[in-house]
Amino acid sequence: MLIGDAEPAPPSAPACAYCTGNEGSSPQAIYSLPFENRPGAIRVFAHPRPLYTIDGKADRRAEGIYDKMRTVGAHELIVESPDHESHLSRADEHDIAHLLRCWALRIDDLKKDLRFKYVTVFKNQGDVAGQEIKHPHSELTASPFIPRRILYELRSSQEYYSRKERCVLCDIGRQEEQQGLRVVDISGNFLALCPFASRVPYELWIVPRYHHSSFEADLLSRGEAMELAGILRRCLARLEQVTDAYHLVLHTSPNTNSRREVPGYWATLEEDYHWHIEILPITQTQTKSYSIKEAYYCSTSPESAAARLKDLPSSRDPLSQRSLEFQRK
Ligand SMILES: [Zn+2]
Ligand SMILES: [Zn+2]
Ligand SMILES: [Zn+2]
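Parameters and conventions
- Residues numbered from 1 in each chain as written.
- Chains lettered and ligands numbered in written order.
- Predicted model: local features only at pLDDT ≥ 70, side-chain atom pairs only at ≥ 80, totals over all residues.
- Axes fitted to C-alpha atoms, helices over the stretch in contact; angles between N-to-C directions.
- Helix = DSSP H or I, 4+ residues; strand = E, 2+ residues; numbered from the N terminus.
- Parallel < 35°, antiparallel > 145°, perpendicular 65-115°, else oblique.
- Contact = placed C-beta atoms within 7 Å.
- Nonpolar A, V, L, I, M, F, W, Y, C, P; charged D, E, K, R; others polar.
- Left-handed = near helix turned anticlockwise from the far one by under 90°.
- Buried ≥ 20, exposed ≤ 12 C-beta atoms within 10 Å, placed from the backbone.
- Pairing = 2+ DSSP bridges.
- Expected span 1.5 Å × (residues − 1).
- pLDDT = per-residue confidence, 0-100.
- Core = buried A, V, L, I, M, F, W, Y, C linked by C-beta atoms within 7 Å.

1. Observations regarding the packing of helix 1 (residues 93–110) against helix 5 (residues 226–239)
Taken N-terminus to C-terminus, the directions of helix 1 and helix 5 make an angle of 110°; their axes are 8 Å apart at the nearest point. Of the possible angle classes, the one that applies to helix 1 and helix 5 is roughly perpendicular. Contacts between helix 1 and helix 5 involve Glu 93, Ile 96, Ala 97 and Leu 100 from the former and Met 226, Leu 228, Ala 229, Gly 230, Leu 232 and Arg 233 from the latter. For the contact of helix 1 with helix 5, the class distribution of residues is seven nonpolar, one polar and two charged.

Have a look at this one:
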């Protein structure tokens, strides 16, 4: 859990520092990745209100039964486009592929810092999802600990593998494909599904149909990310017709080079863990999903969520798909 006393944000800032033309007021970019054949780029900045700061040691120390540590880490803002009104669900898939590549490059880079046990990317879309900065962006965090939910998932995967000698997500993917009940989208290498134990209505996972534990190693070795960009864009386009707010979190392998790792603890990680993207939509007005002590109640079954999402248009221009359906009738 991260605790901070954030000052309330001042009433609406005059101009967006991340928009084209306002570069003078934006901070120095850490990194930038140009768009192909067009002006503009994906730019990475230090987050203006970071959850973690990069300098110093974590200094874990005991305080009674609790471990206390300074919030050492990295928190980056990945500005997805120079266009303030851009939306991943309508973006050019080449640009989304660039963004995915940028995520992989930044994670790979920060994993070289041995203080960090976990590096990941997330995106809060919409006010109710806690999107603080209006300009389209995703965020990267590197922390000296593994977030609790990821740790739980890593341990479950490890435990499943130790019993069955198979990866749990490979098994789930195969079964979902056979049953087809919770599948929303499928391509040669990727599967989008509403997980069996969905925590919120319309929860959506994007899972590779082949085994790989690390998003960044996988993406950087593949050389292109167009197929993943395509299924991600289609999923978001469908989802945005149900709600415009969601959390997106990338689940990838932890930093096994981290200094404080017990040698051998992640011995089967490459075989047992399977990277994936989790999207948690916020549909608060329609449902009463809530969680009590890790027990989740979800008011829409993953089967009906998948059926509805599958039927929603996913083209970049919903109008053209609608007219297409009209012609078919
Ligand atoms: Zn802007
Ligand atoms: Zn697997
Ligand atoms: Zn996960």
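2. Remarks on the packing of helix 1 against helix 4 (residues 215–222)
It is at 9 Å that the axes of helix 1 and helix 4 come closest, and there the two elements cross at 120°. Accordingly, the angle class assigned to the pair helix 1 and helix 4 is oblique. Considering how the two elements wind past one another, helix 1 and helix 4 form a crossing that is left-handed. Contacts between helix 1 and helix 4 involve Leu 100, Arg 101, Ala 104, Ile 107 and Asp 108 from the first element and Phe 215, Glu 216, Leu 219 and Leu 220 from the second. Classifying every residue of the contact of helix 1 with helix 4 by side-chain character gives six nonpolar, no polar and three charged.

3. Focus: the pairing of strand 5 (residues 74–79)
The element strand 5 is largely enclosed, with a buried count of five among its six residues. Sheet topology note: the strand 2 (residues 41–46)/strand 5 ladder contains four bridges and is antiparallel. Within the sheet, the bridge partner assigned to Arg 43 lies in strand 5 and is Val 79. Sheet topology places strand 5 next to strand 7 (residues 137–143); six bridges connect them, and they run antiparallel. From the neighbouring strand, Glu 76 faces strand 7, where its bridge partner is Leu 140.

4. Some words on the sheet that holds strand 9 (residues 190–193)
Neighbouring strands of a sheet are bound in pairs by backbone hydrogen bonds; such pairs are parallel or else antiparallel. With antiparallel pairing, the ten strands of this open sheet are ordered in space as 1-2-5-7-6-11-12-10-9-8. A single partner strand is all that each edge strand has here, and the edge strands are strand 1 (31–34) and strand 8 (183–186). Adjacent strand axes in the sheet meet at a mean angle of 20°, parallel and antiparallel pairs treated alike. As defined by bridge partners, strand 6 (residues 118–125) adjoins strand 7 across five bridges and the pair is classed as antiparallel. Across the sheet, residue Tyr 118 finds its bridge partner in strand 7, namely Ser 143. Relative to strand 2, helix 1 is tilted by about 35°, and along the sheet it contacts strand 1, strand 2, strand 5, strand 6, strand 7 and strand 11 (246–251).

5. Section: helix 5
With 14 residues, helix 5 ought to run about 20 Å at 1.5 Å a step, and its terminal C-alpha atoms sit 20 Å apart, in line with that. Most of helix 5 is tucked away, with eleven of its 14 residues classed as buried. Of all the positions in helix 5, only Leu 228, Ala 229, Ile 231, Leu 232, Arg 233, Arg 234, Cys 235, Leu 236, Ala 237, Arg 238 and Leu 239 are classed as buried.

6. Focus on the confidence of the model for the protein chain
Across the protein chain, the average pLDDT comes to 85, with 81% of residues at 70 or higher. Across the protein chain, the secondary-structure element scoring lowest on mean pLDDT is helix 8 (residues 318–328), at 44, and the one scoring highest is strand 10 (residues 204–208), at 98.

7. So, the nonpolar core
The biggest cluster of nonpolar side chains holds 60 residues, and the ones touching the most others in it are Leu 100, Ala 192, Leu 204, Ile 206, Leu 232 and Cys 235. If one sorts the elements of this core by residue count, helix 1 sits on top with nine residues. With near-sequence residues (within four places) excluded, Ile 206 lies in contact with Phe 190, Ala 192, Ile 231, Leu 232, Cys 235, His 276 and Ile 277.

8. Side note on the environment of Glu 80
Tracing the backbone through its elements, the reader meets Glu 80 in the loop between strand 5 and helix 1. Overall, the presence of 22 C-beta atoms within 10 Å leaves Glu 80 in the buried class. As for Glu 80 and Ile 42, which are separated by 38 residues in sequence, their C-alpha atoms are 5.0 Å apart. In contact with Glu 80, not counting residues within four places along its chain, are Ile 42, Ser 86, Leu 88, Leu 99, Pro 136, His 137 and Ser 138.

9. Quick notes on the pairing of strand 10
Of all five residues that make up strand 10, five are buried, and the element is covered over most of its length. Along strand 10, one buried face is formed by Leu 204, Ile 206 and Pro 208 and the opposite face, lined by Trp 205 and Val 207, is buried too. Sheet topology places strand 9 next to strand 10; four bridges connect them, and they run antiparallel. Bridge assignment links Leu 191 to a residue of strand 10, and that residue is Val 207. Direction of pairing for strand 10 relative to strand 12 (residues 276–281): antiparallel, over a ladder of three bridges. Within strand 12, the residue paired with Ile 206 across the bridge is Ile 277.

10. What about helix 1?
End to end, helix 1 covers 26 Å across 18 residues, agreeing with the expected 26 Å (1.5 Å per residue, within 8%). Burial analysis of helix 1 places 13 of its 18 residues in the buried class, the great majority of the element.

11. A closer look at unusual backbone geometry
In this structure, Glu 165 takes a positive phi of about 55° despite not being glycine. By the secondary structure assignment, Glu 165 is in the loop between helix 2 (148–164) and helix 3 (168–179). Unusually for a residue other than glycine, Tyr 202 sits at a positive phi of about 65°. Its place among the elements puts Tyr 202 in the loop between strand 9 and strand 10.

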